[in-house]
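Each chain, letter by letter, is given below.
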Amino acid sequence: MTRPGGKWQNWGRSESVRPRRVEFPRTSDAVQRAVAAAARQRLPVKAVGAGHSFTGIAVAPGVLLDLADLSGMVAVDVDRSRVTFHAGTRLHHIPELLAPYGLAMENLGDIDRQSISGAISTGTHGTGARFGGIAAQIVGATLVTASGDLLVVSDIENADLLPAVALGLGALGILVDVTVQCVPAFVLHAVEQPEDLEVVLNELDTRVAEADHFEFYWFPHTDRAMTKTNTRLPASAPRHPLPAVGKWVDDTLVGSGLHQVACSVARAIPATIPPINRLSVKLWGDREFTDASSRVFATSRSVRFREMEYALPVANVRPAFDALRALFDERGWRISFPVEVRFAAADERWMSTAHGRASGYIAVHRYWREDPTEYFEAVEQVMLGFGGRPHWGKMHTLDAAILKERYPHFGDFVALRDRLDPERVFANPYLQRVLGE
């Protein structure tokens, strides 16, 4: 289906565009036709998923391909626990699709609204020192190249391209399906609690190493950390999910409703932010439960925000975090959203923020109605000083001249882009900035 382009905007309201036209392909053939037509008309074409990137990576000034109808399971290799999904499949639909086969995705981020193709193309990740991002779980893919042809990448076809295609930034073609290396279904025992920040920081290396999945949030203007520690258990382990009422109170009433009110008040009266943050620490968290992995990994995020996140060599997380805290005293900021700290294993995806190094991630957020510029730019300078690489789907100011020094395979990726898309059918202003013309 095709329609004239209306206004498209992302979830964080940081990017918008009026494409020339919007198409809703239901098959890979339809994607091929759309790409071929766009190329003939010399219109750039981009695929979009759920719009959860805060950068302009999915902005489509020419032809926008909405992949919502290209969704669902394509094939299952039970013997190897590999499952192929259409590219537009939303992450939150995948657990139900995998359940009949006793499978699960190995790791997930804390938001599951994205499409599988959007998540891998931007380097979306979760936490856990022994687990890579979602792109590291990809063992095959099919994409439509600028010529309108299908390119199949797997361990037996074009295997040398997998490190590029599995995290391709939307620059190499339009993904139409992806194959995920799954694992046997499992449950997670979750412990979420407020703790003394200095204790957490002093024990950080040990906690990250000993836990399957560890992360913490720090509410600025407080001395407390909200820690999350998840332990993997077999699918047969007893489950003790959160009671429905308790979950509603924590996630909907407090996590969404009261947080929305708090952000609105804080925006109007910045002096209220420190006491609001101290109250938030007392209200949030402090719970223990066991449930299916997907129900523990992901949380609901209804309060709209904007985000910047940098990946650091894991040894640099503590000094970078300390430098970030010092900025609050130096600048006199009043920030209502917490700072999030997570961890991931090294991987070999060429454009992965964790390429070649075990990584820690520091993410900063700002309520969407507040200008994040001063805060984000100052934090960015700190992260760059500690070897940071920006998340491709979250706000940053870097360009190709800087990024090529931070990725060993940057030149290889650009060369592959030149080969697959010499006329820049899949280009947009963001990709021109981060990859070059």
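Cut-offs and rules
- Residues numbered from 1 in each chain as written.
- Predicted model: local features only at pLDDT ≥ 70, side-chain atom pairs only at ≥ 80, totals over all residues.
- Heavy atoms only, no water.
- Core = buried A, V, L, I, M, F, W, Y, C linked by side-chain atoms within 4.5 Å.
- Buried < 20%, exposed > 50% of the residue type's maximum accessible area, 1.4 Å probe, protein only.
- Helix = DSSP H or I, 4+ residues; strand = E, 2+ residues; numbered from the N terminus.
- Contact = heavy atoms within 4.5 Å.
- 1 Å grid on protein atoms, 1.4 Å probe; cavity = no way out; pocket = protein on both sides within 12 Å on 5 of 7 lines; lining within 4 Å.
- Points joined across faces, edges and corners; volume = space filled by probe spheres on them.
- Nonpolar A, V, L, I, M, F, W, Y, C, P; charged D, E, K, R; others polar.
- Salt bridge = Lys/Arg side-chain N within 4 Å of Asp/Glu carboxyl O.

S.K.: Help me out: how do you make sense of the nonpolar core in this one?
M.R.: Within soluble globular proteins, side chains that are nonpolar tend to cluster in buried spots. In this structure, Phe216, Ile362 and Trp392 are the most contacted members of the largest nonpolar core, which totals 107 residues. With 7 residues, the single largest contributor to this core is helix α11 (residues 373-385). Each residue touching Trp392, except ones within four places of it in the same chain, is listed here: Thr55, Ile57, Thr122, Leu167, Leu169, Met351, Leu403, Tyr407, Tyr430 and Val434. With 9 residues, the next largest nonpolar core counts Trp8, Phe24, Val48 and Ala58 among its residues.

S.K.: What's the story with the layout of surface pockets in this structure? I'm lost.
M.R.: If you roll a probe as big as a water molecule over the atoms, it shows you where there is empty space left. Each pocket or cavity is described by its volume, and for the largest pocket that value is around 730 Å³. What lines the largest pocket is a set of 31 residues, among which His92, Pro95, Asp112, Ser294 and Arg295 lie closest to the centre. Sorting the residues of the lining of the largest pocket by element identifies α2 (94-98), β9 (103-104), α7 (244-268) and α9 (293-297) as the ones contributing at least two each. Top element by residues in the lining of the largest pocket is α2. It accounts for 4 residues. Looking at the lining of the largest pocket, its residues break down into 15 nonpolar, 8 polar and 8 charged. The volume enclosed by the second largest pocket comes to roughly 260 Å³. Taken together, 19 residues make up the lining of the second largest pocket; nearest its centre are Arg80, Thr84, Gly140, Ser154 and Thr179. The leading source of residues in the lining of the second largest pocket is strand β10 (residues 138-144), at 4 residues. Of the residues that constitute the lining of the second largest pocket, the class distribution is 8 nonpolar, 5 polar and 6 charged.

S.K.: How should empty space enclosed by the protein be read in this particular structure?
M.R.: Summed over all chains, the structure comprises 5 cavities of 30 Å³ or more. In this structure, the largest cavity occupies an estimated 640 Å³ of space. Taken together, 42 residues make up the lining of the largest cavity; nearest its centre are Ser53, Ser117, Gly118, Ala119 and Thr122. For the lining of the largest cavity, the element with the most residues is helix α3 (residues 116-122), which contributes 5 residues. Residue composition of the lining of the largest cavity, grouped by class: 17 nonpolar, 18 polar and 7 charged.

S.K.: Sorry if this is basic, but what is going on with the pattern of salt bridges here?
M.R.: When the charged atoms of two side chains with opposite charge come close together, those side chains can pair. Going through the model one piece at a time under the given rule, you end up with 22 salt bridges. Two residues, Glu198 and Arg325, come together in a salt bridge whose shortest N-O distance is 3.0 Å. Taken together, the positions of Glu198 in helix α5 (residues 197-202) and Arg325 in helix α10 (residues 317-331) put the pair 127 residues apart, joining distant regions of the chain. With relative accessibility at 25%, the residue Arg325 sits in the partly exposed group. A salt bridge links Lys394 to Glu309; the nearest nitrogen and oxygen atoms lie 3.2 Å apart. You can see Lys394 sitting in the loop between β21 (389-390) and α12 (400-403) and its partner Glu309 sitting in strand β18 (residues 305-313), a full 85 residues away along the chain. Taken as a pair, Lys394 and Glu309 share a single burial class, namely buried. Put simply, Asp110, Glu307, Glu309, Glu340, Arg342 and Lys394 are held in one network by salt bridges that share partners.

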